[in-house]
Each structure stands twice: as C-alpha cells, then as structure tokens.
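Single-letter residue listing:
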Number of protein chains: 2
Amino acid sequence: MGGSRSTVIGRPRGFDTDEALERAMRVFWEQGYEGSSLTDLTGAMGITKTSMYAAFGNKEQLFRKVLQRYADGPAGYFDDALEQPTARAATEALLRGAVRTSTLPGKFAGCLTIQGALPACDGNRPAHDALVQFRNEAVERLEQRFRRAVDSGDLPGDAAPRRLARYVMALAFGIPVHAANGLGRAELDEIVDQVMISWPRVS
Amino acid sequence: MGGSRSTVIGRPRGFDTDEALERAMRVFWEQGYEGSSLTDLTGAMGITKTSMYAAFGNKEQLFRKVLQRYADGPAGYFDDALEQPTARAATEALLRGAVRTSTLPGKFAGCLTIQGALPACDGNRPAHDALVQFRNEAVERLEQRFRRAVDSGDLPGDAAPRRLARYVMALAFGIPVHAANGLGRAELDEIVDQVMISWPRVS
DNA sequence: CCTGTTCTGTACCGAGGGGTACGCTCGTGG
DNA sequence: CCACGAGCGTACCCCTCGGTACAGAACAGG
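Criteria and cut-off values
Residues numbered from 1 in each chain as written. Chains lettered and ligands numbered in written order. Predicted model: local features only at pLDDT ≥ 70, side-chain atom pairs only at ≥ 80, totals over all residues. Heavy atoms only, no water. Domains from an automatic or database assignment. Contact = heavy atoms within 4.5 Å. Buried area = accessible area lost by both parts, 1.4 Å probe. Polar contact = N/O pair within 3.5 Å; in protein donor to acceptor, adjacent residues only side chain to side chain. Nonpolar A, V, L, I, M, F, W, Y, C, P; charged D, E, K, R; others polar. Near = heavy atom within 4 Å. Helix = DSSP H or I, 4+ residues; strand = E, 2+ residues; numbered from the N terminus. Salt bridge = Lys/Arg side-chain N within 4 Å of Asp/Glu carboxyl O. Buried < 20%, exposed > 50% of the residue type's maximum accessible area, 1.4 Å probe, protein only.

If you look chain A up in an unreviewed UniProt entry, it shows as TetR family transcriptional regulator from Plantactinospora endophytica.

So, in structure tokens, the structure goes:
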C-alpha cells in the first residue's frame, strides 16, 4: 500500500500549485470569500477554471486549502507565540504577530480569518463555519497555554486562563479591524504597548 | 419657509418605511452587505423591488439608511457611554453595550458595522467605505472623550488618549467577532471584567 | 507509431444578481 | 366623476455567478 508511483502518467500540470494557492490566498484575503469570484481567483492564479477545478475541487475546497496555507504561513506567528517561555511573552508575541500580518505591504490590510467570511449567508456557510472553527481553536489553544502558566506559577493563581485568553483574542480580533480602517503598523504596535502595560504581574 | 404640504397627492404608501428599514437592518446584520440579495431584503421587508427602489433609491442607499438607523438604535449605547461621568465608566458602558448589542436574541450575533462589509471587493466598495468612516469616527469620538478626561484629571496625566481609545476600540471590534464565534453574553461580560481590572488608575 | 491517462482551453449551462419599463391601482382635488 | 399623480406588481433587462462537457494537447509505456 502507499507505494508512491514515481512514474507520472498523463499530461503534466502546467502550473505550480503552491504558487497558485499563494495567489488565491491573496485574493481571498483582500476580498473575502464571497467577494472573490472564480474569475478573480483564476485570473490571479493564471489558470483556467477547468484547471482550478481539476486541481482543487471547487471554490469551497480551494478556500480550505488556502486557509491551511494561511495558518502555516502568515498566521504562523501564532504557533511561535505559544512557545514563548512566559504567558506575558506569548501574549506580546501573539499580538505583535497579528499587527505584522495585518499590515503587510500591498493592500492586504487585515486578517483572512476575520474578514474572510464573517457574516453567515446562504452562499458562504461552509467558509464561515471553517473560520469559526479556526478562530475558536485558536482561543482554546491560548487558554491551554495560560492554564499551563498558572500551574507553573508564571501567572498569578487567581488569574482565570479562559477569561484571559478570550480577552487577548478579542484584541487579536480587533487589531485587524483597525488595520482595515487604515491604521499602520506603528499605530497598532502602540495598542500592544497599552495592553502590555496592564498585563497582570506575578506578585 | 418650507410650508409642508399637508395634502398628500397620489396613492399612499402601503407599508411603514420605519418597519421596513428595521427588517432590512436585520438582514444586513445577519448576512452582510454582499450576502444580502434584493430578494432577501424585499422578502423580509414585505415589499416588492419596485417599492423598495421608489422608497430608498437602491441597495447601497438602503444600506446607508440602515446604517443610520443602526447608529440611532442598537448602537445608541455608544453615545450614552460617552456621556458617562468618568473615562472608566465610559469605557465600561461602551464595552458592555457592545456585548449586549452583539448578543441580542434571534441569531443576530455580532455587529453590523463589523461584519457588514469588512473586505473591500468590487461590488461593496461604497458600503465598505461607509463602515470604515463609521468606525473611524467612533474611535475619534472616544479619543476626544479621553482627552477631556486627561484635562480634567480623571485620567492620569501620562495617559495617551489616542492610544487608549484605540485600545478600547480594538476590544469593541473584537467582542462582536467572539459573538459571531458563538460566545454568549455572560462570557463576553467576563472579558469586560478582565478589561476593567487593569484599567489605569488616577494615582 | 498507437494507447492510455491526465491536463488545458473553449464554449456553454441554469441560476441568481441588481435594476427597470410599464400598465394597473388607489388616493386626492377639481 | 374624472383627471392627476404617486405607489404597486409583473414581467423582463443584461450581467455575472459557480460549475461543467467535450475536444484537443502533452506526456509515459509498449
């Protein structure tokens, strides 16, 4: 089983799927799921609709693959942040990562997971649900990180990990909205400064 | 001048524009600008497309009127909050208002000004721009409220009103996203508790 | 060369989008 | 009671949507 056939049969693919996914990600990022038509997507990807369907399935599955790529790429700061030695450092890394990703050059203001499909209407229910799950998993992972911090004495014993995680994630959700409003990296970093000033101390 | 002609000529309107706007607001709220088709809207309003165009202009103008109604109604907590005696009370009232409006009964989770049209694509540029302006005005008004608080000694002299306003508004933007993720009123209020614990004190 | 297999390009599908033309209905004023 | 003027309903406009059928093009193996 699973013996990968090294010999490829049939006509070889005429484009790089990774590059195509990258371009699709940018379109979804800028315009959201509903706002991105297949014409927009395939135009940016440099392929035809037929090739896109053969390679990725359909628009919804393309979006899921883009979301996975987003998690591994632009949103990779999240995993890195959780590995910081202290809860405080994790929070700061998370928020500064959100700032950086929300203010990449080239009119990508905001965050794919926020503006991808916030409202739930008929056409985008799958994309919407996928993003809800994505965001909720992030909250939960941060909560577990804080729980460990409480156990290890890194956070005060009376700190509520779940509440704290939701608080931090509320900021992580709000920062991309500020970015969509036009705020730049320096201004958003000031918000993070403000957050860190009031971060709960151990003693 | 402007003696309003009390005598109305022509066939009278067969529906209540206020009621129709209210219903349109709910549709836009749930489904966003792009996700709300004219069929959805007029269906909920109980009128035909023709009546809607005659009464409100077109979809974009309808959205603007809905946005105005939203500001006067569900988002009215914002004006009330700014009139609170202290910056602290204003912040708490603002955030608790955001929580309440984001968790109204009947699957209206979230905030019209956030999920109405976050990404900017071809079709919804006007709605998107209107919401950007709406949100930025809110930030600015809160900043001015905080500036007054610093002048009057209500906030510490070293507090940065603009930074503080952006910080609070980041939370006000993030809370509706949490609501869209499924969090309830009690859970969101806990986030506000967390914010208020660390609010800067005068001395 | 031919066969098998996969990708590509064109041309097309039904459905639904926002928006409108036009005749009908309902009220007022003469 | 009749003309007027505005709201209403139907039926339709063109366009774009996501998705597909089908024939041709490019590779491997024989």
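Structure's up, so let's keep going.
Caption draft 1: Representation of the domain arrangement of chain A within the structure. Residues and elements named next belong to chain A. What the domain assignment lists for chain A is domain 1 (17-71) and domain 2 (74-197). Computed from C-alpha atoms alone, the centre-to-centre distance between domain 1 and domain 2 is 24 Å. The interface is formed by 16 residues belonging to domain 1 together with 23 residues belonging to domain 2. Here domain 1 and domain 2 share an interface that buries about 1700 Å² over both sides, 71% of which is from carbon and sulfur atoms. Of all residues in domain 1, the largest losses of buried area upon contact with domain 2 belong to Trp-29, Leu-67 and Tyr-70, amounting jointly to 42% of the total for that side. Across the domain 1-domain 2 interface, the total number found is 7 residue pairs in polar contact (both at pLDDT 80 or more). Split into classes, the residues belonging to the side of domain 1 that touches domain 2 amount to 9 nonpolar, 1 polar and 6 charged.

Caption draft 2: Just the protein's contact with DNA strand D, in detail. The full set close to DNA strand D counts 24 residues, and A:Leu38, A:Lys49, A:Tyr53, A:Lys59 and B:Gly14 are the nearest of them. When the atoms of DNA strand D within 4 Å of the protein are sorted by group, sugar and phosphate make up 58%. A:Thr39 is positioned with one of its side-chain polar atoms (N or O) 3.4 Å from a phosphate oxygen of DNA strand D. B:Ser51 places a polar side-chain atom, nitrogen or oxygen, 3.1 Å from a phosphate oxygen of DNA strand D. Elements supplying a minimum of two residues to the surface near DNA strand D: helix 2 (38-45) and helix 3 (49-56) of chain A together with helix 3 (49-56) of chain B. If you tally residues by element for the surface near DNA strand D, the top one is helix 3 of chain A, at 3 residues. Residues belonging to the surface near DNA strand D are distributed by class as follows: 7 nonpolar, 12 polar and 5 charged.

Caption draft 3: The arrangement of the interface of chain B and chain A in detail. The partner chain A presents 36 residues to the 36 residues of chain B that form the contact. Summed over both sides, the interface of chain B with chain A buries roughly 3500 Å², with 61% coming from carbon and sulfur. Sorting the residues of chain B by area buried against chain A places B:Arg163, B:Arg166 and B:Asn181 first, and these three jointly supply 18% of that buried surface. Our count for the contact surface shared by chain B and chain A stands at 4 salt bridges. Where chain B touches chain A, the interface holds 11 residue pairs in polar contact (both at pLDDT 80 or more). Every element with two or more residues in the side of chain B that touches chain A is listed here: helix 1 (17-35), helix 7 (112-115), helix 8 (125-151), helix 9 (161-180) and helix 10 (185-197) of chain B. Sort the elements by how many residues they give to the side of chain B that touches chain A and helix 9 of chain B lands first, with 12 residues. Of the residues contributing to the side of chain B that touches chain A, the split by class is 18 nonpolar, 10 polar and 8 charged.

Caption draft 4: Highlighting the pattern of salt bridges. Taken as a whole, this structure holds 28 salt bridges over all chains when the rule is applied. Close ionic contact of A:Asp18 with A:Arg69 constitutes a salt bridge, the shortest N to O distance being 3.5 Å. With A:Asp18 in helix 1 (residues 17-35) and A:Arg69 in helix 4 (residues 59-72), the pair connects residues that are 51 residues apart, well separated along the chain. Judged by relative accessible area, which is 22%, A:Arg69 ranks as partly exposed. Notably, a salt bridge pairs B:Glu143 with B:Arg147, separated by 2.4 Å at the nearest N-O pair. One end of the pair is B:Glu143 and the other is B:Arg147, both in helix 8 and 4 residues apart, which spans about a single turn. Residues joined in a network through salt bridges with shared partners are A:Arg88, A:Glu92, A:Arg96, A:Asp189 and A:Asp193.

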